[in-house]
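Chains, contacts and geometry: an overview
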Amino acid sequence: MNFRIDKLRIDFKKSTEEIIFNRLNFFYGSMGAGKSTIARLIDYCLGGNLEETPALQSEFVSITLEAIVGDYIVSLTRDKNNNNIKVLWGQGLRKSNSLNIPARDKNGELIPDTGVEAISDFIFYLNGIQPPKVRKSKVREDSELIPLSLRDVFWYCYLDQDEIDSSFFNLELDADPFRRQKSKDVIRYLIGFHQDKVASLEMQVENLRQRKESILQGAEALYGALKKIGMNSERDIEAEEEEYKKELNEIATTKDSVRNIPDTKLRHSTEEYRENARVLNNQIVQSEEALSEINKMIENHEQLKNELIMLAIKADRVMAARVVLSAADFINCPRCASELPRREEGNCKVCGQKESDIAESDREDIKIQKADLKMRVNEIEEILEKHVEKRVMLEKEIADSRQKKEELDYRLSKALKHYDSIVMSNLISLEARSAKIEEYLRSLLKNKALIKQYEEMYENSGKIAEKEKTLRRELLEERKRAERDTSNLKNLEDLFLDCLIRAKLPGIKEEDMVTIPTNNLYPSVHSKGMENIAVTNFSNYGSGGKKTLFKACFALAIHRLSVKTGNIIPNLLIIDTPMKNISERENRVQFEGFYNLLYDLASSELQNTQFIIIDKEFFPPKQEFQDIFVRHMKPNEKHTKPGENRTPPLIPYYNGH
């Protein structure tokens, strides 16, 4: 990605400063001169947040960055505390187009059919690159897909002084998960592991999984509610429905008969109510006794099940204890502490039996015991399940019977209050029963619909599960296809090792090996012959100076690989204070090693990359560079007058701190 900075124009309250950039740029000098501010202002023009030093807080007004982006001349202007960037761009000498672009927050497409919504999209657009799509949220798997942001890519182009020795591009295991996934997206993009199809399939699979889980949860809740009222299946409902319809027909026949039977041959309805009430009362008592018995049985079986589970746990502990004790070399008896007699080789020093026989026999016994216990627990669980179902039925029967008895009591009370003729009394009783049954049949119809709904939900979840299974197979194949070509990953490992060796990082040897696992993309250096013992990475490097060089070397390796793979990240590398925490006098080897590496690369593989280096001291290159810019910067003394400082700070008139 072509991105070359030509000029910075910074408006301060009392002056306007211009910095003309070359391909290789070196800013050095004392603290407080504004060297790091130059890098921060470049980042600010590209959508970053600006950490305002006291000088910037009081003096900064706006910044304009002029650059070549792709084949375009571009001017980016951003005022202080402004979330928009004014962009002018064009080809040749004219910047004929202009636009106000949000630094970050997107609010719709600004250039039709380009996908440009923020400055990140704009830089990709001018380079004619379609950024890969990644999930917007790294926490929610069903998040929408969005283009990879230039802000994420820029982590590998701008090594900020504040984070150069504290974070390894957010790839370390304890880094913020959201940032770590985004950083991995950039590496995957660079080494060719990322594919839009993989990301799309991942999202489809997760959507299906969540949809299936949602349906299953709904189906289980519905089934639980139906089971609670004793409705296990459509067949149960139909059987009950048939029974009540039959009773309805019998009531209709009885009503016709009652009208033709003399009063003397009929019983008054109050007698029937009393008789039914007695029957119901007996049923309730019997059901309550049965319920009490069932509860006791459930309690006993639960207790037995827990005891068996505890026995299984004890068996595991015994086995574990024997494994531990088998490694113990007993000299004295563990019980009485007497010295043990000498035993033949291979025999237990305590009991004298063949150890292999004991161990095998014990293992087999415990295995058999555990299998028996597991089988017994399963049997008890089956029995418990049946008992629980029976308890639910009994509770429902008792509730129904009590309700019926209350209704009968009410009818009996009403009948006694309005004592009708025997015929009328019987007809009223039959009508009441008929109305009650019809109401109950309507409720059965509703339950029948719910059971049908449950069955449909369960069937749908099965269809979704099949589709999910098919997509998972497809996803697995796509992942394998995306990761099959590991040549770029291997190339990155070799380039990183080469940078570390040429930078003369302490402890790194040519025979060492760099590995970058595909799951976390966090590089480590392994010593030859001690691959699993001596591992060096950013996290376990004790020295801040080593961490800084380790990270800077990886950034160089990334840019070397980018050149080989077609410049898919900006060919700009800003390193703010690579010698942070390193004394150039006491660590001269590392000081010279790193800068010789950087200049060698700048004159060969990275000859089209623009470097902006900020450091305490300037290390002159051995090579002859025609396109180098060096600026020495020192802060003003308290009483420095304008023009007196020959190596002025970024804000030439500023005397504050």
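Here we summarise the structure given alongside this text.

1. Some details on the overall build of the protein chain
- Along its length, the protein chain carries 13 helices and 16 strands.
- Projected onto its principal axes, the C-alpha positions of the protein chain cover 135 × 90 × 50 Å.
- In the protein chain, which comprises 657 residues, the share counted as buried stands at 42%.
- Excluding contacts between residues fewer than 6 apart, the proportion of contacts in the protein chain whose partners are at least 24 apart in sequence is 66%.
- Total accessible area on the protein chain stands at roughly 36,300 Å², and carbon and sulfur atoms take up 48% of it.

2. Some details on the pattern of salt bridges
- Summed over the entire model, instances satisfying the criterion amount to 27 salt bridges.
- Its salt-bridge partner being K490, residue D494 comes within 3.0 Å of it at the nearest N-O pair. Taken as a pair, D494 and K490 lie in helix α11 (residues 487-502) at a separation of four residues, close to a single helical turn.
- One salt bridge connects D498 with R502, and the closest N-O pair in it is separated by 2.9 Å. In this pair, D498 and R502 both sit in helix α11, four residues apart, roughly one turn of the helix.
- If you follow the salt bridges from partner to partner, you end up with D498, R502, R560 and E605 in one network.

3. With respect to the nonpolar core
- Counting residues in hydrophobic clusters, the biggest one holds 117 residues, and the most contacted among them are I42, F122, F554 and F594.
- Discounting chain neighbours no more than four positions away, the residues touching F554 are Y156, F168, F169, I187, L492, F496, I516 and P523.
- If you look at the next biggest cluster of nonpolar residues, it comprises 26 residues, including L208, L430, I437 and L444.

4. A look at a nonpolar patch on the surface
- A cluster of nonpolar residues, I309, M310 and I313, forms a patch on the protein surface that exposes about 220 Å² of accessible area.
- As for its placement among the helices and strands, I313 is situated in helix α8 (residues 269-326).
- Given the relative accessible area of 31%, I313 is considered partly exposed.

5. Things to note about the sheet that holds strand β7 (residues 97-102)
- Pairing is antiparallel across the open sheet formed by six strands, whose spatial order is β2-β1-β4-β5-β6-β7. Strands at the two margins of the open sheet, each flanked by one partner only, are β2 (16-20) and β7. Between one strand axis and the next, the sheet turns through 20° on average, direction left out of account.
- Along the sheet, helix α1 (residues 35-45) contacts β1 (3-12), β2, β4 (60-69), β5 (72-79) and β6 (84-90); its crossing angle with β4, the most-contacted strand, is approximately 75°.

6. Regarding the sheet that holds strand β16 (residues 628-633)
- With respect to topology, five strands assemble into an open sheet ordered β10-β14-β15-β3-β16, the strand pairing being parallel. Lying at the two open borders of the sheet, with one neighbouring strand each, are β10 (158-159) and β16.
- Both strand β3 (residues 24-29) and β16 contribute to a ladder of six bridges, which runs parallel. Residue pairing for β16: F27 is matched across the bridge by R631.
- The strands that α1 touches are β3, β10, β14 (572-576), β15 (610-615) and β16; relative to β15, the one it contacts most, it runs at about 140°.
- Across the sheet, helix α13 (residues 588-602) touches β3, β14 and β15, and the angle it forms with β15 is around 160°.

7. Points about the side chain of S36
- Residue placement: S36 occurs in helix α1.
- Given the relative accessible area of 10%, S36 is considered buried.
- A distance of 2.8 Å separates a polar atom in the side chain of S36 from a polar atom in the side chain of D576.

8. Focus on the packing of α11 against helix α12 (residues 544-564)
- Remark: α11 packs on α12, axes separated minimally by 8 Å, with the N-to-C direction vectors making an angle of 135°. Comparing their axes, α12 and α11 come out oblique. The two elements α11 and α12 meet at a crossing, and its hand is right-handed. Here N488, N491, L492, L495, F496, D498, C499, L500 and R502 of α11 come into contact with α12, specifically with F550, C553, F554, L556, A557, I558, R560, L561 and K564.

9. Observations regarding the side chain of K184
- Along the chain, K184 falls in helix α5 (residues 177-191).
- The buried charged residue K184 lacks any salt bridge partner; its closest oppositely charged side chain belongs to D185, at an N-O distance of 7.8 Å.
- Excluding anything up to four places from it in sequence, K184 contacts L171, N519, N520 and L521.

10. A look at unusual backbone geometry
- For D113, which is not glycine, the phi torsion reads 60° and is therefore positive.
- Structurally, D113 can be placed in the loop between β7 and α3 (119-126).
- Residue D113 is classed as exposed on the basis of its relative accessible area of 77%.
- The phi dihedral of K504 falls on the positive side, at around 60°, and the residue is not glycine.

11. A short note on the environment of L99
- Mapped onto the elements of the fold, L99 is located in strand β7.
- With a relative accessible area of 19%, L99 lands in the buried category.
- Taking C-alpha positions, L99 is 37 Å from S604, a pair spaced 505 residues apart along the chain.
- Among all residues touching L99, those that are not within four sequence positions of it are I85, K86, V87, W89, L110 and I111.

12. Focus on the packing of aromatic side chains
- Evaluated as defined, the whole model comprises 29 aromatic pairs.
- Centre to centre, the rings of Y454 and Y458 are 6.2 Å apart; their planes meet at 35°, and the pair counts as tilted. With Y454 and Y458 both in helix α10 (residues 422-484) and four residues apart, the pair spans about one turn of that helix.
- Between the aromatic rings of Y595 and F619, the centroid separation amounts to 5.9 Å while the plane-to-plane angle is 20°, which identifies the pairing as stacked. Linking Y595 in helix α13 with F619 in the loop between β15 and β16, this pair joins segments that are 24 residues apart in sequence.
- On the accessibility criterion, Y595 (0% relative accessible area) is buried.
- By relative accessible area, which is 8% here, F619 ends up buried.
- Directly above the aromatic system of F538 lies the positively charged group of K547, at a separation of 4.7 Å from the ring centroid.
- Between the NZ or CZ atom of K551 and the centre of the ring of F169, over which it lies, the distance is 5.0 Å.

Reading the values: the criteria
- Positions within a chain are numbered from 1, following the residues in the order the chain's sequence is written.
- Restriction of local features to residues with pLDDT of at least 70 applies here, the model being predicted, together with a cutoff of 80 or more for giving and counting side-chain atom pairs; totals for whole chains, interfaces and linings are based on all residues.
- To obtain the side-chain values, all non-hydrogen atoms of the structure were included, while hydrogens and water were left out.
- Secondary structure elements are defined from DSSP: runs of H or I of at least 4 residues count as helices, runs of E of at least 2 residues count as strands, and each element is numbered from the N terminus.
- Throughout, exposure labels follow a simple rule: accessible area from a 1.4 Å probe, protein chains only, divided by the maximum for the residue type, with under 20% read as buried, over 50% as exposed, and the rest as partly exposed.
- Here, two residues are considered to be in contact whenever any of their heavy atoms come within 4.5 Å of each other.
- Residue exposure ignores everything except the shown protein chains as possible cover, and the areas themselves are Shrake-Rupley values with a 1.4 Å probe.
- Definition used for salt bridges: Asp or Glu carboxyl oxygen within 4 Å of a side-chain nitrogen of Lys or Arg.
- Throughout this description, the term nonpolar core refers to a set of buried Ala, Val, Leu, Ile, Met, Phe, Trp, Tyr and Cys residues connected via side-chain atoms within 4.5 Å.
- Candidates for patches are residues over 30% relative accessible area with no salt bridge; among them, like charges are joined within 9 Å and nonpolar side chains (Val, Leu, Ile, Met, Phe, Trp, Tyr) within 5 Å.
- Any two strands with at least two DSSP bridges between them are considered paired.
- The axes are straight lines fitted to the C-alpha atoms, using for helices just the contacting stretch, and the angles between their N-to-C directions are given from 0 to 180°.
- Polar contacts, as counted here, are pairs of nitrogen or oxygen atoms within 3.5 Å of one another; within protein the pair requires one atom able to donate a hydrogen and one able to accept it, and residues that are adjacent in sequence qualify only if both atoms are side-chain atoms.
- Here is the rule for angles: anything less than 35 degrees is roughly parallel, anything more than 145 is roughly antiparallel, 65 through 115 is roughly perpendicular, and the remaining ranges are oblique.
- Two helices cross in a left-handed way if the nearer one is turned anticlockwise from the farther one by less than a right angle. They cross in a right-handed way if the turn is clockwise.
- Counted as positive: Lys and Arg. Counted as negative: Asp and Glu. His and the chain ends are not counted at all.
- In this scheme Phe, Tyr and Trp rings, the latter by its six-membered ring, pair at centre separations within 6.5 Å, and the angle between planes marks the pair as stacked below 30 degrees, edge-to-face above 60, and tilted otherwise.
- The rule is short: NZ of Lys or CZ of Arg within 6 Å of the ring centre and within 35 degrees of the ring normal puts a charge over the ring.

As far as function goes, none of this settles anything; it's purely spatial.
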